[in-house]
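What follows is the residue order along each chain.
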Amino acid sequence: MTPVQAACIPLFLDHCDVAADAVTGSGKTLAFVVPLLELLLRTPLPSPTSVGAIVLSPTRELAQQTYDVVKTFLQHGVDLSACLITGAHDVQVDVNQLKEGCNVIVATPGRLLDLLNKSGSLMKSVKHLEMLVLDEADRLLDMGFEQAITQIFTFLPKQRRTGLFSATQTNEVQALARAGLRNPVQVAVKVEHRQEGAGSVQQATPSTLINTYLFLSAEEKFNQLVAFLRLMRQQQAKAIVYMATCACVNYFVSLLENMPGLRRAKILALHSKVSSKARTSVFSTFCNTEGAILVSTDIAARGLDVPDVAWVLQYDPPQDPDAYVHRCGRTARLGRQGRAVLFLQPHEDTYIDFLNVRNIPIEEQEPFEGAEDLLPRCRDLAAKDRDIYEKGKLAFVTFIRSYKEHKCNYIFQFKKLDLAALARGFALLHLPRMPELRSLQNSRAFEQSKIDQASIRFRDKQREKQRQQNMKRRAEEREKALAEGPSEKERERSKRSKKNEAWSKQKQAKERKDKRRAKAEAKERAEIHALLKENNVGDDGHDVDDLAQEARLMRRLKQGKITQAEYDRLVGDDL
Ligand SMILES: Nc1ncnc2c1ncn2[C@@H]1O[C@H](COP(=O)(O)OP(=O)(O)OP(=O)(O)O)[C@@H](O)[C@H]1O
């Protein structure tokens, strides 16, 4: 048994409520699954359809993982039934499952609350609940599930055991513990590490983790990533690479697949815009393929348990400060050795102090050997395939947006970003027209490629044919509009402006200048808006944090801005 299990299991069996806080990979899942099953076996439920235990997880992936652990016991002789209730399928599927009887429910809060509100029989079945578990409690709260959870409490009997599990403790988690737990026993399994001159101090990451950082300019990052991945190939080691946005994952994976030494590597992309079904398949390929590389957003930061991940590389530091510990926690699980490395730009150096204050020991490391300048090759790929060219622009735009919205913006200061170096580091041929980049458009700091962007073709023949047809249609529309001359409205406008001729040339010049600027700004906005819209990224930058989208949708549902059906569809398909 692991320490957290040794502490929690007897407490639950003694009918105590437990609030547990233990590092990633310390075996928290079994610390609640074992006593939960044991309690249900000891106290037979009044009917085969009674629900004896509920586990609430923040995401579908985590719920699925916990459900799989429960299932393993059921397949080996534990005579209970279990079901998984998430937004992954139609509500009716869940209703049918529940009718057949579920002694253990593993669920995400939104869907469970919905079913409790709709189904009188489920409301009755939970009246004899023995145990409730809130897993990854801090994330449940971050995602805006607090209200849903407190509403779920109202359906459950007060005489129950409640467990609250988290690898990061916050004031909000403590408030939730006060609301849902009765005199909980606090279990904190801490890791100590020896620090020169300070004796032993507590740390928030596993003791078997070697945690390092590397200062790199924006232009060095991709080359170092390739050097790192070649090393992983040599060692046949499994690794996870974290990036800031979905679009960054898509773009850099397209580049990596074409880099020398990596063409035969198994590089998988995972983020919220990958469909639910494809996400399951990506995850299972990653688990079952030796030396596979997962490039992901924070969607894969928490709770996911892949025992043989040897390295975690944080290509971009996380938006959410707590995510750092969870990302690292995908390696060095349950006493195994693991390594985590963080790429930082030199101006982001205070992040190291920030980590130290949070009891996260970290050391500087040497750059990976064998790095070469691959950015010209990347630009060449973009020039030969419009798909890569467009992915690059989108990735860059979303990265800038995510950087501007950084939760630790006193460390990650937008004004300190070297945007020209960043654009070079993204191997862009042209700068997207963004207000943030206006001063760079004609600057020598970023040399725009001479290649005409309209001439860059899709490698995929079908897509290219479609693009040509669209261009032709737009040109015809323009010609037609020209031939028809100005519209009635335009003629009116021009007449009016002649009548009100400006009283001085100076004023006219200023007006012309303002008009030009407004036109340029409107064009920039329209271009960025079109780029984001085409790629299903909201203007509010919701590409930035995948999981926040579910929380945002939940809030909109609560405010009555979307219906339950819309919520289900959006969460089901898009997240
Ligand atoms: N007593 C045990 N003996 C052997 N293996 C165990 C034991 N308990 C847990 N494990 C294994 O350790 C791994 C990590 O466990 P688990 O996923 O529960 O960690 P966790 O603390 O929930 O991590 P995280 O905070 O990242 O979610 C799993 O692969 C699990 O099967």
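Note that this is a predicted model, so its numbers are computed, not measured.

**Some details on the sheet that holds strand E7 (residues 185-189)**
Hydrogen bonds along the backbone pair up the strands of a sheet, which may run parallel or antiparallel. Ordered in space as E3-E4-E2-E5-E6-E1-E7, the seven strands form an open sheet in which the pairing is parallel. The open sheet is flanked by strand E3 (82-85) and E7, the only strands paired with a single partner. Strand-to-strand twist of the sheet, defined as the mean angle between neighbouring strand axes without regard to direction, takes the value 15°. Summarising the sheet, strand E5 (residues 131-134) and strand E6 (residues 161-166) pair through four bridges and their orientation is parallel. Paired with Leu-134 across the bridge in E6 is Leu-164. Running at roughly 160° to E3, helix H4 (residues 91-100) makes contact with E3 and strand E4 (104-107) of the sheet.

**What about the site of the ligand?**
The ligand sits among 17 residues. The nearest are Gln-5, Lys-28, Thr-29, Asp-305 and Arg-333. A distance of 2.7 Å separates a nitrogen atom of the ligand from a polar atom in the side chain of Gln-5. Within the backbone of Gly-27, one N or O atom sits 3.1 Å away from an oxygen atom of the ligand. For the ligand, whose accessible area on its own is 640 Å², the fraction buried by protein is 76%. Summarising the domain contributions, the shell around the ligand has at least three residues from each of domain 1 (3-190) and domain 2 (201-374).

**A short note on a positive patch on the surface**
Together, Lys-489, Arg-493, Arg-496, Lys-515, Lys-519 and Lys-523 give the surface a local cluster of positive charge. Among the elements of the structure, helix H19 (488-499) and helix H20 (505-534) are those that each provide at least two residues to the positive patch. Counting through the fold element by element, Lys-515 comes out in helix H20.

**A few points about the UniProt feature "domain: Helicase C-terminal" (unreviewed entry) in the chain**
Per the UniProt annotation, the sites labelled "domain: Helicase C-terminal" (unreviewed entry) are residues 224-382. End-to-end, the C-alpha atoms of residues 224-382 are 20 Å apart, and along that stretch the chain is 36% helix and 18% strand.

**Re the sheet that holds strand E12 (residues 267-270)**
Strand order in the open sheet made by the seven strands is E12-E13-E11-E14-E15-E10-E16, with parallel pairing throughout. Two strands lie at the open edges of the sheet, namely E12 and strand E16 (363-364), each paired on one side alone. Pairing of strand E14 (residues 309-314) with strand E15 (residues 338-344), which is carried by four bridges, proceeds in the parallel orientation. Directly across from Trp-311, in E15, lies its bridge partner Arg-339.

**A closer look at the nonpolar core**
Counting 101 residues, the largest nonpolar core has Phe-222, Leu-225, Phe-228, Val-241 and Phe-426 as its most contacted members. Among the elements that take part in this core, helix H16 (residues 386-404) stands out by supplying nine residues, more than any other. Summarising the domain contributions, this core has at least three residues from each of domain 2 (201-374) and domain 3 (376-445). The residues touching Leu-225, leaving out its near neighbours within four places in the chain, are Val-241, Met-243, Leu-256, Leu-313, Tyr-315 and Phe-343.

**With respect to the pairing of E4**
Burial along E4 is two-sided: Val-104 and Val-106 facing one way and Ile-105 and Ala-107 facing the other are all buried. Pairing of strand E2 (residues 53-56) with E4 involves four bridges; the strand directions are parallel. Along E4, the bridge assignment pairs Ile-54 with Ile-105. Handedness of the E3-H4-E4 crossover: right-handed.

**Observations regarding helix H1 (residues 3-13)**
Among the residues of H1, Val-4, Gln-5, Cys-8, Ile-9, Leu-11, Phe-12 and Leu-13 are the ones counted as buried. On its buried face, H1 sits against strand E1 (18-22), helix H2 (28-42), E5, E6 and E7. Positive phi shows up at His-15, right after H1, with a value of about 65°.

Criteria and thresholds
- Residues numbered from 1 in each chain as written.
- Predicted model: local features only at pLDDT ≥ 70, side-chain atom pairs only at ≥ 80, totals over all residues.
- Heavy atoms only, no water.
- Pairing = 2+ DSSP bridges.
- Helix = DSSP H or I, 4+ residues; strand = E, 2+ residues; numbered from the N terminus.
- Axes fitted to C-alpha atoms, helices over the stretch in contact; angles between N-to-C directions.
- Contact = heavy atoms within 4.5 Å.
- Near = heavy atom within 4 Å.
- Polar contact = N/O pair within 3.5 Å; in protein donor to acceptor, adjacent residues only side chain to side chain.
- Areas by Shrake-Rupley, 256 points an atom, 1.4 Å probe, with all protein chains shown as cover.
- Domains from an automatic or database assignment.
- Patch = residues over 30% accessible without salt bridge, like charges linked within 9 Å, V, L, I, M, F, W, Y side chains within 5 Å.
- Salt bridge = Lys/Arg side-chain N within 4 Å of Asp/Glu carboxyl O.
- Lys, Arg positive; Asp, Glu negative; His and termini not counted.
- Charge placed at Lys NZ, Arg CZ, Asp CG, Glu CD.
- UniProt positions renumbered as here; feature names shortened; annotations may be inferred.
- Core = buried A, V, L, I, M, F, W, Y, C linked by side-chain atoms within 4.5 Å.
- Buried < 20%, exposed > 50% of the residue type's maximum accessible area, 1.4 Å probe, protein only.
- Right-handed = clockwise from strand over helix to strand, strands pointing away.

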